[in-house]
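# Per-entry structural report
If you want the building blocks of each chain, they are given just below.
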Amino acid sequence: MKISTRGRYALRFMIDLAQHGNENYIALKDISQRQEISIKYLEQITSLLSKYGLLLSVRGPQGGYKLARAPEEYTIGQILRTTEGNLAPVTCLETDHNECPRKAGCPTLPLWEGLAKVVNSYLDSVTLKDLIK
């Protein structure tokens, strides 16, 4: 499993909102400057995060973005799964039902299941609030 640029930038974006938001909407250009991420790239990320209800947005001169909930209500796992999709280490674990024809005799399946459990459990135990402390 490798976290893409989109996932890393989404985390930086959400952390920036958590640090600077204070219930105010923050202009994308301000976050772009602080995080050194292009506005075009941030627009793609905000579209995705907004679609899944993680952000609130307002258009216009006083517009911008803010978190839809308090920082302690967002887990890093939730943000990464929104931007990256499933965080499974192998293809056969990407769906709820493992369709692999070799699963019954696969000696490595328990290893991959354990790894997926550890990774997801850890990422779901860390919140935005934890990262801004």
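Before reading on, note that the structure itself is shown above.
Note that the structure is predicted; figures quoted are calculated from it, not measured.

The rules behind the values
Residues numbered from 1 in each chain as written. Predicted model: local features only at pLDDT ≥ 70, side-chain atom pairs only at ≥ 80, totals over all residues. Heavy atoms only, no water. Phe/Tyr/Trp six-rings, centres within 6.5 Å; stacked < 30°, edge-to-face > 60°. Helix = DSSP H or I, 4+ residues; strand = E, 2+ residues; numbered from the N terminus. Lys NZ or Arg CZ within 6 Å of the ring centre and 35° of its normal. Polar contact = N/O pair within 3.5 Å; in protein donor to acceptor, adjacent residues only side chain to side chain. Contact = heavy atoms within 4.5 Å.

We now examine the packing of aromatic side chains. Tallying each qualifying case throughout the model produces 2 aromatic pairs. Seen in terms of ring centroids, Tyr9 and Tyr41 are 5.1 Å apart; in terms of plane orientation they differ by 65 degrees. Their pairing is edge-to-face. With Tyr9 in helix 1 (residues 5–20) and Tyr41 in helix 3 (residues 39–51), this pair connects stretches of sequence that are 32 residues apart. Geometry around Tyr74 places Arg69 over its ring, the cationic atom sitting 4.3 Å from the centre.

By secondary structure assignment, the location of Thr46 is in helix 3. Among the polar contacts listed, one links the side chain of Thr46 to the side chain of Tyr65, at a separation of 3.4 Å. Apart from the residues within four sequence positions on either side, Thr46 is in contact with Phe13, Leu28, Leu55 and Tyr65.

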